[in-house]
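# Residue-level structure breakdown
One letter stands for each residue in the lines below.
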Amino acid sequence: MLKMAKKIRTQLSKKKVGQIPGSVIYTGVKSNQKLFIEAFDYTKDHYEERELTNVEECFNFEEGSITWININGLNHVDAIEKIGEHYELHPLVREDIVNIAQRPKIDEYDDYLFVVLKMLYYDSNEKIVSEQVSFILGKEYVLTFQEAEGDVFDTVRDRIRQGKGRIRNMQADYLLYTLMDAVVDHYFTVIEILGDKIEDFETAIFSGKVDNDVSKNIQDLKREILKVRRAIFPLREVINRIEKNDTSLILKKTITYYRDIYDHLIQVTENIDIYREMIWSLMDMYMTTISNKMNEVMKVLTIMASIFIPLTFIAGIYGMNFEYIPELKYKYGYFVVWGVMITLFLGMIYYFRKKKWL
Amino acid sequence: MLKMAKKIRTQLSKKKVGQIPGSVIYTGVKSNQKLFIEAFDYTKDHYEERELTNVEECFNFEEGSITWININGLNHVDAIEKIGEHYELHPLVREDIVNIAQRPKIDEYDDYLFVVLKMLYYDSNEKIVSEQVSFILGKEYVLTFQEAEGDVFDTVRDRIRQGKGRIRNMQADYLLYTLMDAVVDHYFTVIEILGDKIEDFETAIFSGKVDNDVSKNIQDLKREILKVRRAIFPLREVINRIEKNDTSLILKKTITYYRDIYDHLIQVTENIDIYREMIWSLMDMYMTTISNKMNEVMKVLTIMASIFIPLTFIAGIYGMNFEYIPELKYKYGYFVVWGVMITLFLGMIYYFRKKKWL
Amino acid sequence: MLKMAKKIRTQLSKKKVGQIPGSVIYTGVKSNQKLFIEAFDYTKDHYEERELTNVEECFNFEEGSITWININGLNHVDAIEKIGEHYELHPLVREDIVNIAQRPKIDEYDDYLFVVLKMLYYDSNEKIVSEQVSFILGKEYVLTFQEAEGDVFDTVRDRIRQGKGRIRNMQADYLLYTLMDAVVDHYFTVIEILGDKIEDFETAIFSGKVDNDVSKNIQDLKREILKVRRAIFPLREVINRIEKNDTSLILKKTITYYRDIYDHLIQVTENIDIYREMIWSLMDMYMTTISNKMNEVMKVLTIMASIFIPLTFIAGIYGMNFEYIPELKYKYGYFVVWGVMITLFLGMIYYFRKKKWL
Amino acid sequence: MLKMAKKIRTQLSKKKVGQIPGSVIYTGVKSNQKLFIEAFDYTKDHYEERELTNVEECFNFEEGSITWININGLNHVDAIEKIGEHYELHPLVREDIVNIAQRPKIDEYDDYLFVVLKMLYYDSNEKIVSEQVSFILGKEYVLTFQEAEGDVFDTVRDRIRQGKGRIRNMQADYLLYTLMDAVVDHYFTVIEILGDKIEDFETAIFSGKVDNDVSKNIQDLKREILKVRRAIFPLREVINRIEKNDTSLILKKTITYYRDIYDHLIQVTENIDIYREMIWSLMDMYMTTISNKMNEVMKVLTIMASIFIPLTFIAGIYGMNFEYIPELKYKYGYFVVWGVMITLFLGMIYYFRKKKWL
Amino acid sequence: MLKMAKKIRTQLSKKKVGQIPGSVIYTGVKSNQKLFIEAFDYTKDHYEERELTNVEECFNFEEGSITWININGLNHVDAIEKIGEHYELHPLVREDIVNIAQRPKIDEYDDYLFVVLKMLYYDSNEKIVSEQVSFILGKEYVLTFQEAEGDVFDTVRDRIRQGKGRIRNMQADYLLYTLMDAVVDHYFTVIEILGDKIEDFETAIFSGKVDNDVSKNIQDLKREILKVRRAIFPLREVINRIEKNDTSLILKKTITYYRDIYDHLIQVTENIDIYREMIWSLMDMYMTTISNKMNEVMKVLTIMASIFIPLTFIAGIYGMNFEYIPELKYKYGYFVVWGVMITLFLGMIYYFRKKKWL
């Protein structure tokens, strides 16, 4: 948990206070990433895949084909700047691409759309990582910018290569859709794992296996959900604006597909909200479990004490050293006292049982 | 409860990550269901009911009559695909029909409306089951798709057969209405059973018959209500959009009937919200009951201890072995001490009674 | 409380599942009510009041005068049907009139407005009863439908009879207004009684007269308020739609009066919300009272035990039977021990007082 | 608190159930107030102030000058009626003027605006009083109606008399503005006192000076804030409608001033909301303080008992009367036992200190 | 905390009740501030920076260049008045500039825009200070008004001096943007420190280092966040209105930059809301920690008492002085009793361990 609080601060502090608007400054932590650019260029009948060795190669794709250029390594701000200049991106867009503290958003410019998403996945420490991916949709191209290599786009690559589905028959707007769809699809995987964690907690709490970390772990879960919410919720607004959009960059027949993403997002967000409620219930149940356990302990004390305190009193009476205590002289006095005590004992047990305290 | 968490995950995980948009892949668990197709074809004067043995038979109904084709068995994706092609359904519609993790929704296409609902019923284990039903409303036909045989449409079948009510005089939009109305009517049955369960809980809690499962059972109830909400709430939006709709598929005079469904939905959702509040109150009352019970137990201890601790102290005093304790020599010392103790005892009883602790 | 849960269920279950839309089926419980119809017919100069013996008599009122027909006894569905046919009411309207589980609503038809309200009153068992009243506003008539005789319209009858106020100079829309105003006016009486109950609770709780029923009674109060809310809140929307309405049935100059009803409704709903908050506060205060009481009890135990446990220990010491305990031989040993004990006792009393625990 | 609950009821019950709409019936409690009318009549160069002895004098002001007539004493319904007739006020307006249970509102009529506000002040018992003031804004006049003499308008009177500020150069709409501004300005005084009370509570709770009344006093504070909210919140809507208003009664250049009132209202309502949150926090802190105190008491018992119970047991062992207990014969047995006990005692003290329980 | 409550009151009480609208009265506390005016005048090629010694110098800047006049010292109301007259500011604007209790807002006038913001920073006591800054945007000038010297605009000054970025090529609307951006940028610094504080608390609570001040400190944190919220939230609306604005003062190409501020504000407000949730969770965790600690203490008592109470009872039995207690005569009676006691002791330890209470 501490780690996450630090993470938030880190992201914020990277925004240099007083920085000139439009400055292209990388705000992430992966500063020794190597630049890796891959390009796909395809028409209905033909496709070409290249790994580019320098930025300028991005610029010589012909018209008439759809081009997808995927740039990895946001720390190479010079390269980003060059691409930005070639594609005539607004200075603020260039700044936002390398500033990884963006919320998911869409900005519409005259010749292109700028979309920012968060790609979610679990890292090797079972922590949710939220990586920023920026998209530029132009007339015949899509640019994607990622912090580092490794993404959820392999299925898209395969479909381009093998011409599966409609992708090779459609325009750049459909390519953007498949890429965004791949990101959103992956959210299902993430929240499925979240669901597993919550289920494990439930099992643990119902079986009474609770330790002092439960409260801390529940806090951690709450924050993971908070993180996922932050990444996913604003996205609905993004898709919404794409649907309502009147730019010529998104064709009318592709809108249906974006609406499909929207439906998926609603499903994901509904599940997130259900998980939120579940976690609150978990906390409640945990509290109830703790308090029931404590009550059980207290009840034992209560009953022990309530039974033995009067008996000890009786024993105390006949431990007094008065010279004249008639009962002490009776031959069977001792046994009578035992009798009284056992009667009292059984009477109280009976009373407690009747009251359902035992 | 654990089961339900698993259910959610199951539904989610069935959405194959990276699946090509428009792939018709069944996501449910009833994979050995046999295909069962029934068709009704009727005009004002005439009606015909057939059980179809293969999919192609669905396609040869004449114009001028209203046709209802009810397809059961979503695992038969080939059949679904064939129907989809014949009726020219959009690929995403075909995908949604067999993907049973949809939210209730309406999608409007040029020639048809696509509506998804959830049919709710209690299964043999007293668990609420939510089964997806998809409707296609065309100019002169309604298609319904269900996971398995068995539904809430028997009253509609009877009305077509016997020409009861207006159904045979109306168009396909009225048929869709009667089918949706049948689904919504059944919600009343489901929430009535929910109401019964809540009432039973209330009786149990007020009569003090609470055990450790109460908290778990209340959790289960909360989730059932959550499930019902998820199935029913989005439906209001669906009906709303049908009402506001300007397609020629829904006639103006039928809108009134849809508004009636809307009113029913509002009643159902209001009752759900009341049940939600009741359950929260139940939890509160349960907590209060538990804590009152504990307090009662504690009070007994307190009073026992408060009374006997001083008495035992007095007995202890005269149990000391000092050589010179004058009281011990007094002939009636023992009886005087008893007198003091009984006075103390009665005094404390009186005090506690006055304080209303007893 | 249990009763109410049952009531809700009852209302719901009466809606026959699978019933043909537009079926006129009475869903209430007062099935042996006799049919009672009264009619008022008036112009500016003249008025006539009749008690009708059969339904057909409702139909022969002349044009040019305002007619109010008040039908009591919804179990007489045949009569309702006849009236419905004569006044050409939509089948769904006829169904809604006799289905007493409606929410307050307004439906606009071409020739008439259909308004449903809830009349609230306390019955002889001090329980709030919510009785449905339906209004049909036509061009020159108002029809009202009630479950049983007895209502809040006596002041309206008097005003028609005696020509008091503006009623005889106005149209049917003003008659509808006065009737609705009478219903809303009565809400003030109902919430005034609610306010009394809450005040009594407050007095009881502050004076510490709390028993185990408090929690149950507070639940009952919460539900009464819930019931009142359900009856009143949707009404605001109804009035709102009357105000915004562009039908020719409501004259522009009458709108001002409806706005006055709206203001009253806002006052009522504001008071309901204040009562809701008060009840939550009551529950809090009750809890605090209970817990303060418990704390007081616990404190007595704590202090008793803390004081006497060490003293008893000292007595125990000198009750030991060691052969050589020098103190026991001292002549004044006993008195010294007493001195020590009393000093300890006073010291602890002083300490507790200083700590403000006593 | 009880008083306030009664007050609410009183206000409600004064609305006569079944009263004819438009009946001018005073609903307040100050029924022996004498009628007091003052009038200001001014132009840029000239002003006149009169105390009117009867109502008719209100009617003979000339055109061309701005007239403010301030009527005190709503129990004089005849006078109000006469004024209402002369200025052609709608019957519902007349009814609302004397019915002091209005919410702040604005009603627009053809020739005048009707505004109702609540004037707030602390009475001599340190209770907030909410007095209704009604305003009629006509073309060249403003009428104000108050329950009794004494108001917050003295600064306005002075400005008219001395021609300070813009008031004498402006129209009647500016006069209405200054009057409303005076009312809103006074809200600051009221919530400042509220703030003082809350601060005093805070000081008391942090210094631990809490008694049983705290809970009751916090309830009282909550209700005062509720009362203030009810008086102030609807006013924002009123000002809003004045701003959006297209009547010719409010000049465009005066709108800016009304917007200023709106800003003040937002400031007041923000402060009220902050106070609300503070009070909730106070309640929490109070609860924490109470429970911390209790815990401290319990801890003392726990430690006392945990230390002395085993020691007393040891003393009990050697108080047994067995014929053969070897330790009792040892010469230093007694001192050894003391040694054991002191060791145990110190050991437990050390353990508790280590655990930070002491 | 007390300080803050006082602060709120102070701000409120400074608004003189009954003050004439448009009176220019300074409401802050820094009344001995000296007047300090600096002016920047620049075109694309040229820039001039001056420290003005009197107000009149503000008025002689030529057309064609952008002028920024920064006035510090709101207590010098005469100077403010003179500037207000020269620039023809509305009286209410002049009043608002020196009334430091404004909410962030924008007012649009014909020739200029009036914007009020709050500048946030931590003072030397680690308290958040919220200082009001007012902006007037005219055709070729920006005026800024601050309470005292010292601000967050140094980076803007440097950019003007050194011609860095676009600032010297743009109009006055861009200057306003850079100034507002500097203020918003600083918010990141403030909430970063807030984040640090919350993190420190978390570490403290998880490591169990909690003292009685925690509750008070959490209250303080809550209020700081409240303060920050109040300063920042209304600003979103301000930027929104700038974006939607149709005045010619803001050029279309600058809107994009304002949208960038908006994005930053959303990020800040999202973080504030996350911090709010964190603090609530902290309070919960603190409560849980406290209560767990208490439970642990109680458990020790329970177990101690439950074990030793029966043992002491047994010792009491054989401390009785009956003449005939056969066990006392047995040679090994004493050792047998020890055996029984040790068995009981171990048995109970075993039982408690099995129950996981130990």
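About the thresholds
- Residue indices begin from 1 for each chain and proceed along its sequence in written order.
- All chains are assigned letters beginning at A, and all ligands numbers beginning at 1, according to the order in which they are written.
- For a predicted model such as this one, the threshold for reporting local features is a pLDDT of at least 70, and the threshold for listing and counting side-chain atom pairs is 80 or more; totals across whole chains, interfaces and linings nevertheless cover every residue.
- Excluding hydrogens and water, the side-chain values take into account all heavy atoms of the structure.
- UniProt positions are given in the numbering used here, feature names are shortened, and annotations may be inferred rather than shown by experiment.
- Least squares is the method for superposing the copies, and the C-alpha atoms it fits come from residues with pLDDT of at least 70 in both.
- In what follows, a contact means two residues having at least one pair of non-hydrogen atoms within 4.5 Å.
- Between the N-to-C directions of two axes lies an angle of 0 to 180 degrees, each axis being a line fitted to C-alpha atoms and, for a helix, fitted only over the stretch in contact.
- Secondary structure elements follow DSSP: runs of H or I of four or more residues count as helices, runs of E of two or more count as strands, with numbering from the N terminus.
- Note that the term roughly parallel is reserved for angles under 35 degrees, roughly antiparallel for angles over 145, roughly perpendicular for angles of 65 to 115, and oblique for everything else.
- Two helices cross in a left-handed way if the nearer one is turned anticlockwise from the farther one by less than a right angle. They cross in a right-handed way if the turn is clockwise.
- Three classes are used, and their members are as follows: Ala, Val, Leu, Ile, Met, Phe, Trp, Tyr, Cys and Pro are nonpolar, Asp, Glu, Lys and Arg are charged, and the others, Gly among them, are polar.
- Each domain's extent is set by a domain assignment, obtained either automatically or from a database.
- For two strands to pair, DSSP has to find at least two bridges joining them.
- Between buried and exposed lies partly exposed: a residue is buried under 20% and exposed over 50% of the maximum accessible area for its type, with that area taken using a 1.4 Å probe on protein chains only.
- For the purposes of these results, a polar contact is taken to be a pair of N or O atoms within 3.5 Å, where, inside protein, one atom must be able to donate a hydrogen and its partner to accept one; residues adjacent in sequence count only when each atom of the pair is a side-chain atom.
- Note on definitions: buried area is the accessible-area loss of two parts on being combined, 1.4 Å probe, summed for both.
- The salt bridge definition used is simple: a Lys or Arg side-chain nitrogen within 4 Å of an Asp or Glu carboxyl oxygen.
- Stacked, tilted and edge-to-face are the three classes applied to pairs of Phe, Tyr and Trp rings, where Trp contributes its six-membered ring and a pair requires centres within 6.5 Å; stacked means planes under 30 degrees apart, edge-to-face means over 60, and tilted covers the rest.
- Note on geometry: a ring has a charge over it if NZ (lysine) or CZ (arginine) is within 6 Å of the ring centre and within 35 degrees of the ring normal.
- In these notes, a set of buried Ala, Val, Leu, Ile, Met, Phe, Trp, Tyr and Cys residues joined through side-chain atoms within 4.5 Å is what counts as a nonpolar core.
- Without a salt bridge and with relative accessible area above 30%, a residue can belong to a patch; like charges are then joined within 9 Å and nonpolar side chains (Val, Leu, Ile, Met, Phe, Trp, Tyr) within 5 Å.
- Shrake-Rupley sampling with a 1.4 Å probe provides the accessible areas, and residues are treated as covered by the protein chains on show and by no other component.

Chain A is annotated in an unreviewed UniProt entry as Magnesium transport protein CorA from Litoribaculum gwangyangense. According to UniProt, the comment filed for chain A under the heading Sequence similarities (unreviewed entry) is "Belongs to the CorA metal ion transporter (MIT) (TC 1.A.35) family." What UniProt records for chain A under Function (unreviewed entry) is the sentence "Mediates influx of magnesium ions."

## Regarding the relation of the copies chain A and chain B
Rotating chain A by 72 degrees about the axis while translating it 0.0 Å along that axis superimposes it on chain B, leaving an RMSD of 0.1 Å. Accordingly, the operation relating the two chain copies is best matched by a five-fold axis. In terms of C-alpha distance to the rotation axis, chain A has A:Gly319 as its closest residue, with the C-alpha 4.6 Å off the axis. A low fraction, 11%, of the interface residues of chain A reappear at the interface in chain B, so the copies pair through non-equivalent surfaces.

## Concerning the packing of helix α7 (residues 252–317) of chain A against helix α9 (residues 333–354) of chain A
Residue and element names in this part refer to chain A. Between α7 and α9, whose axes approach to 10 Å, the crossing angle comes to 160 degrees. Viewed along their axes, α7 and α9 adopt a mutual orientation that is roughly antiparallel. At the point where α7 passes α9, the crossing takes the right-handed sense. Listed contacts from α9 to Ile303, Ser306, Ile307, Phe308, Pro310, Leu311, Ile314 and Ala315 of α7 are Val337, Val340, Met341, Leu344, Phe345, Met348, Ile349 and Phe352. Each residue belonging to the contact of α7 with α9 can be placed in one class, and the counts come to 15 nonpolar, 1 polar and no charged.

## Digging into the domain arrangement of chain A
Each assigned domain of chain A is listed with its residue range as follows: domain 1 (2–289) and domain 2 (299–354). Of note, the centres of domain 1 of chain A and domain 2 of chain A, computed from C-alpha atoms alone, are 76 Å apart.

## Observations regarding the pairing of strand β2 (residues 47–52) of chain C
Residues and elements named next belong to chain C. Pairing analysis gives 6 bridges linking strand β1 (residues 36–42) to β2, with the strands arranged antiparallel. Across the sheet, residue tyrosine 42 finds its bridge partner in β2, namely tyrosine 47. Here β1 folds back onto β2, and the loop between the two strands holds 4 residues.

## Here's the deal with the sheet that holds strand β5 (residues 113–122) of chain A
Residue and element names in this part refer to chain A. Sheet architecture is open: 7 strands sit in the order β2-β1-β3-β7-β6-β5-β4, paired in mixed fashion. Both outer strands of the open sheet, β2 (47–52) and β4 (105–108), are each paired with one neighbouring strand and no more. Averaged over all neighbouring strand pairs, the angle between strand axes comes to 15 degrees, with direction disregarded. Where strand β1 (residues 36–42) lies against strand β3 (residues 66–72), 7 bridges are found, and the strand directions are antiparallel.

## Observations regarding the side chain of D:Glu131
Residues and elements named next belong to chain D. With respect to the helices, strands and loops of the structure, glutamate 131 is situated in strand β6 (residues 128–137). For glutamate 131, a relative accessible area of 2% puts it in the buried group. Here glutamate 147 takes part through its backbone nitrogen, which lies 3.3 Å from a polar atom of the side chain of glutamate 131. Setting aside chain neighbours within four positions, we find glutamate 131 in contact with Lys30, Leu117, Lys118, Met119, Tyr121, Gln146, Glu147, Ala148 and Gly150.

## Looking at the relation of the copies chain B and chain C
Screw-axis analysis of chain B against chain C gives a translation of 0.0 Å along the axis, an RMSD of 0.1 Å, and a rotation angle of 72 degrees. Comparing interface residues between copies, only 11% of those in chain B also sit at the interface in chain C, which points to a heterologous contact through distinct surfaces.

## What about the UniProt feature "transmembrane region" (unreviewed entry) in chain A?
All names here are of chain A. Under the local residue numbering, the UniProt record ascribes the feature "transmembrane region" (unreviewed entry) to residues 300–320 and 332–352. Secondary structure across residues 300–320 divides into 86% helix and 0% strand, with the first and last C-alpha atoms of the span separated by 30 Å. Each end of residues 332–352 is marked by a C-alpha atom, and these two atoms are 30 Å apart; helix forms 95% of the span and strand 0%.

## Comments concerning the interface of chain B and chain C
Each side of the interface is counted separately: chain B has 64 residues, and chain C has 65 residues. Together chain B and chain C conceal approximately 6,000 Å² of surface at their shared face, both sides included; 64% is due to carbon and sulfur atoms. A per-residue breakdown of the area chain B buries against chain C is headed by B:Phe313, B:Phe322 and B:Trp357, which together make up 11% of the total. If you look at where chain B meets chain C, you find 6 salt bridges. Ionic pairing is found between C:Lys105 and B:Asp263, a salt bridge with its closest N-O pair at 2.6 Å. Across the chain B-chain C interface, the total number found is 12 residue pairs in polar contact (both at pLDDT 80 or more).

## A word on the interface of chain A and chain B
Counting residues at the interface gives 64 residues for chain A, matched by 65 residues for chain B. Ranking the residues of chain A by area buried against chain B places A:Phe313, A:Phe322 and A:Trp357 at the top, with a combined share of 11%. On the surface where chain A and chain B come into contact, there are 12 residue pairs in polar contact (both at pLDDT 80 or more). Of all the secondary structure elements, the ones that give two or more residues to the side of chain A that touches chain B are α4 (154–162), α5 (172–206), α7, α8 (326–329) and α9 of chain A.

## Description of the packing of aromatic side chains
Under the criterion given, the structure shown has 99 aromatic pairs over all chains. With a centroid separation of 6.4 Å and an interplanar angle of 75 degrees, the aromatic rings of C:Tyr334 and C:Trp338 are classed as edge-to-face. Taken together, the residues span about one helical turn, with C:Tyr334 and C:Trp338 both in helix α9 (residues 333–354) at a distance of 4 residues. Pairwise contacts between aromatic rings join A:Phe308, A:Tyr318, A:Tyr332, A:Tyr334, A:Phe335, A:Trp338, A:Phe345, E:Phe313, E:Phe322 and E:Tyr324 into one cluster. The cationic tip of C:Arg229 hangs over the ring face of C:Phe233; the distance from NZ or CZ to the ring centre is 4.3 Å.

## Re the sheet that holds strand β3 (residues 66–72) of chain B
All names here are of chain B. In spatial order, the strands read β2-β1-β3-β7-β6-β5-β4; together these 7 strands make up an open sheet with mixed pairing. Pairing within the sheet leaves two strands with one partner each, and these edge strands are β2 (47–52) and β4 (105–108). Between one strand axis and the next, the sheet turns by 15 degrees as a mean value, whatever way the strands run. Contacting β4, β5 (113–122) and β6 (128–137), helix α6 (residues 213–244) crosses the sheet at an angle of about 150 degrees to β5.

## Side note on the nonpolar core
Of all hydrophobic cores here, the largest spans 122 residues; its most connected members are A:Tyr318, B:Tyr318, C:Tyr318, D:Tyr318 and E:Tyr318. Once you skip the residues sitting within four places of it in the chain, E:Tyr318 turns out to touch A:Tyr334, D:Gly319, D:Met320, D:Asn321, D:Phe322, E:Ile325, E:Glu327, E:Leu328 and E:Val337. One finds C:Leu176, C:Ile232, C:Tyr258 and C:Val268 within the second-largest nonpolar core, a separate group that totals 72 residues.

## Concerning the pattern of salt bridges
Summed over all chains, the structure comprises 100 salt bridges over all chains. For the salt bridge of E:Arg103 with D:Glu270, the shortest nitrogen-to-oxygen distance reads 2.9 Å. Taken together, the residues E:Arg103 in the loop between α3 (91–98) and β4 (105–108) and D:Glu270 in helix α7 (residues 252–317) connect one chain to another. Residue class for E:Arg103 comes out partly exposed when judged on its relative accessible area of 25%. Here D:Glu270 falls in the buried class, since its relative accessible area comes to 18%. Salt bridges here are not isolated pairs; linked through shared partners, they connect A:Glu38, A:Asp151, A:Asp154 and A:Arg157.

## Looking at the arrangement of the chains
Spatially, chain A and chain C are disjoint, and the shortest separation between their C-alpha atoms is 9 Å. Left apart from each other, chain C and chain E have a closest C-alpha approach of 9 Å.

## Examining the pairing of strand β7 (residues 141–146) of chain E
When a strand is regular, its side chains alternate between the sheet's two faces. All names here are of chain E. Across the 6 residues that make up β7, a large majority, 6, are buried. Side chains Tyr141, Leu143 and Phe145 project from β7 onto one buried face, and the interleaved Val142, Thr144 and Gln146 project onto a second face that is buried too. Bridge count between strand β6 (residues 128–137) and β7: 5 bridges; the pairing is antiparallel. Counted as the bridge partner of serine 134 is phenylalanine 145 from β7. Here β6 folds back onto β7, and the loop between the two strands holds 3 residues.

## A word on the environment of C:Gln102
Residues and elements named next belong to chain C. Residue placement: glutamine 102 occurs in the loop between α3 (91–98) and β4 (105–108). Classification of glutamine 102 as buried rests on a relative accessible area of 4%. Linking glutamine 102 and glutamate 323, residues 221 residues apart in sequence, is a C-alpha distance of 92 Å.

## Structural notes on unusual backbone geometry
Of all residues except glycine, most have a negative phi; of all peptide bonds, most are trans. Even without a glycine there, the phi angle at B:Glu126 is positive, about 65 degrees. When you line up the elements, B:Glu126 lands in the loop between β5 and β6.

## Overview of a nonpolar patch on the surface
Among the surface-exposed residues, A:Tyr324, B:Tyr332, B:Phe335, B:Val336, B:Val340 and B:Leu344 lie close enough to one another that they form a single nonpolar patch of about 550 Å² accessible area. Assignment of secondary structure puts B:Val340 in helix α9 (residues 333–354). Residue B:Val340 is classed as partly exposed on the basis of its relative accessible area, which comes to 43%.

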